[in-house]
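Survey of secondary and tertiary structure
Residue-level listing of the chains:
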Amino acid sequence: MKPYLLGLLMITFTSQVIASKPLVIAHRGAPGYLPEHTLESVTLAYALGADFIEQDLVVTKDLKLIVLHDIHLETVTNVEQVFPSRKREDGRYYALDFTLTELKTLNVHERQDAKGNQVFPNRYQGKGTFQIATFEEQIELIQQLNRQLNKNTGFYPEIKSPAWHKEQGVDISQLVMSVLRKHQLDDPNKAIYVQCFDFAETQRLRNDLNAKVKLIQLIAENDWLESPTDYDVLKTQAGLKAIAKVAQGVGPWIPQLVDLKTMQPTAFVEQAHIAGLKVHPYTFRKDALPENINTQQTLQLLFKGLKVDGLFTDFTDTVVNYLAEERIAH
Ligand code: G3P
Ligand code: CA
């Protein structure tokens, strides 16, 4: 192990039990075990003890919100077999070109790469049938489990690609706010955060659409072309202060918090905390860690070293168990 990592771990190992309660955010349900964003995956994430369960949201042809990571369908469904003629000129199959009824005929499978290979080969290998879920189906599922089990597991929807949806003539944020208000979820005191990569849209949600719900500004890298936002500007102290005017926290990529080669922390978490922002990084995957650090070391670094306020994870149980074993309030 690199000496500075050892030093950091030794310092943090002896620190006091952390007073705040870091959140375990089930990233796309429980994709470490079952296909992402399906109701089965959400149910498992709930049972494994997630504090919040994430819903990536895109829009259908008939303006329904579905829970899907991409605006395209072919990486996680059999759309190419069921609707072979429905691709656009770029060869992609867009959720926005299909009605909800059509989308419900698709089977959701494990995420595949461009060659059709499973991205995480050791994850779910069965041939079960799984459907795309709507946002409202996930809301109902989680609310019903909360009612019966007397729990308060929260929602963590992400508004996906608002600029692209707008180009296509669809105001996804208006649709999301409408569903949240229908279910009394546009409320800063409820267990829900709304996240978006597009800073102009986060500002619009708060200032123009009068969103009351807690907001999280996601932070990407500019070369991902995730949105029109300049993340190099957003990561500065001035940028973080601008975020704090409209949002309660930030969702950075883990390598923005720590150099994974040297294990030296960046100033990001400290500066975000100074700006009054919660920090919920993405994504902890125990089956995709850098070679020089294991699960225990990674979680130690994030929770005890960097003192993040929450963590997106494909493996809810691993993070829940870590927090319990380390007696970090949870
Ligand atoms: O929303 C947090 C995290 O999920 C962002 O990454 O690409 O998995 O949506 P992505
Ligand atoms: Ca997401």
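In short, a report on the structure. (Residues numbered from 1 in each chain as written. Chains lettered and ligands numbered in written order. Predicted model: local features only at pLDDT ≥ 70, side-chain atom pairs only at ≥ 80, totals over all residues. Heavy atoms only, no water.)

1. Details of the overall build of the protein
- Counting its regular elements, the protein contains 13 helices and 10 strands.
- Relative to a compact globule of 330 residues, whose C-alpha radius of gyration would be 20 Å, the protein shows 20 Å and is just as compact.
- C-alpha atoms of the protein, sized along the principal axes, occupy 60 × 45 × 45 Å.
- Classification of the 330 residues of the protein by burial places 53% in the buried group.
- In the protein, once contacts between residues fewer than 6 apart in sequence are set aside, the share between residues at least 24 apart is 71%.
- Between the averaged position of the 35 positive side-chain charges in the protein and that of its 40 negative side-chain charges there is a distance of 4 Å. (Helix = DSSP H or I, 4+ residues; strand = E, 2+ residues; numbered from the N terminus. Rg over C-alpha atoms; globule rule 2.2 N^0.38 Å. Buried < 20%, exposed > 50% of the residue type's maximum accessible area, 1.4 Å probe, protein only. Contact = heavy atoms within 4.5 Å. Lys, Arg positive; Asp, Glu negative; His and termini not counted. Charge placed at Lys NZ, Arg CZ, Asp CG, Glu CD.)

2. A closer look at the coordination of the calcium ion (ligand 2)
- Bound to the calcium ion (ligand 2) are the protein donor atoms Glu-54 (OE), Asp-56 (OD) and Glu-158 (OE), situated 2.1 to 2.4 Å from the metal.
- Metal-centred angles of 60 to 153° between the six donor atoms at the calcium ion (ligand 2) mark the site as irregular.
- Donor residues for the calcium ion (ligand 2), ordered by position in the chain, follow E-x1-D-x101-E. With a gap of 102 residues between them, Asp-56 in strand S2 (residues 52-59) and Glu-158 in strand S5 (residues 154-159) connect regions that are remote in the sequence.
- With relative accessibility at 4%, the residue Glu-158 sits in the buried group. (Donors = N, O, S within 2.8 Å, 3.2 Å for Na, K, Ca; no water. Tetrahedral: all angles 85-135°; square planar, octahedral: opposite > 155°, others 65-115°.)

3. Focus on empty space enclosed by the protein
- Within the structure shown, the criterion is met by two cavities of 30 Å³ or more.
- By volume, the largest cavity is sized at about 90 Å³.
- Lining the largest cavity, in full, are Arg-28, Pro-31, Pro-35, Glu-36, Glu-110, Arg-111, Phe-120, Arg-123, Arg-285 and Asp-314.
- Glu-36, His-37, Thr-38, Val-67, Leu-68, His-69, Val-76, Val-108, Gln-131, Ile-132 and Ala-133 are the residues that line the second largest cavity. (1 Å grid on protein atoms, 1.4 Å probe; cavity = no way out; pocket = protein on both sides within 12 Å on 5 of 7 lines; lining within 4 Å. Points joined across faces, edges and corners; volume = space filled by probe spheres on them.)

4. A closer look at the pairing of strand S1 (residues 23-26)
- By the alternation rule, side chains of S1 split into Leu-23 and Ile-25 and Val-24 and Ala-26, which are all buried.
- Bridging between S1 and strand S10 (residues 310-313) involves four bridges; their strand directions are parallel. Paired with Leu-23 across the bridge in S10 is Gly-310.
- Both S1 and S2 contribute to a ladder of two bridges, which runs parallel. What sits directly across from Ala-26, in S2, is Ile-53. (Pairing = 2+ DSSP bridges.)

5. With respect to the pattern of salt bridges
- For the coordinates displayed, the defined rule picks out 19 salt bridges.
- Between Glu-158 and Lys-160 there is a salt bridge, with the nearest N and O atoms lying 3.1 Å from each other. One exposure class covers both Glu-158 and Lys-160, and it is buried.
- The salt bridge involving Arg-285 is made with Asp-314; its shortest N-O contact spans 2.8 Å. Taken together, the residues span a long stretch of sequence, with Arg-285 in the loop between strand S9 (278-279) and helix H12 (295-305) and Asp-314 in the loop between S10 and helix H13 (316-325) at a distance of 29 residues.
- Take Asp-314: its relative accessible area is 2%, and that puts it in the buried class.
- Each of the salt bridges in this network shares a partner with another, and the network as a whole consists of Arg-28, Glu-36, Asp-70 and Arg-111. (Salt bridge = Lys/Arg side-chain N within 4 Å of Asp/Glu carboxyl O.)

6. Overview of the layout of surface pockets
- In this structure, the largest pocket occupies an estimated 1,000 Å³ of space.
- Taken together, 39 residues make up the lining of the largest pocket; nearest its centre are Arg-28, His-69, Tyr-282, Thr-283 and Arg-285.
- For the lining of the largest pocket, the elements supplying multiple residues, two or more each, are S2 and H12.
- Considering each element in turn, the lining of the largest pocket owes the most residues, three residues, to H12.
- Residue composition of the lining of the largest pocket, grouped by class: 21 nonpolar, eight polar and 10 charged. (Nonpolar A, V, L, I, M, F, W, Y, C, P; charged D, E, K, R; others polar.)

7. Thoughts on the site of ligand 1
- Ligand 1 sits among His-27, Arg-28, Glu-54, Asp-56, His-69, Glu-158, Lys-160, Gln-195, Phe-197, Leu-218, Tyr-282 and Phe-312.
- In this structure, an oxygen atom belonging to ligand 1 sits 2.8 Å away from a side-chain N or O atom of His-27.
- The contact in question runs from an oxygen atom of ligand 1 to an N or O atom on the side chain of Lys-160, over 2.9 Å.
- With the chains in place, 91% of the 280 Å² that ligand 1 exposes on its own is no longer accessible.
- With respect to the detected pockets, ligand 1 is housed in the largest pocket.
- Considering only residue class, the shell around ligand 1 consists of four nonpolar, three polar and five charged. (Near = heavy atom within 4 Å. Polar contact = N/O pair within 3.5 Å; in protein donor to acceptor, adjacent residues only side chain to side chain. Areas by Shrake-Rupley, 256 points an atom, 1.4 Å probe, with all protein chains shown as cover. Sits in = over half its atoms within 2 Å of the grid points.)

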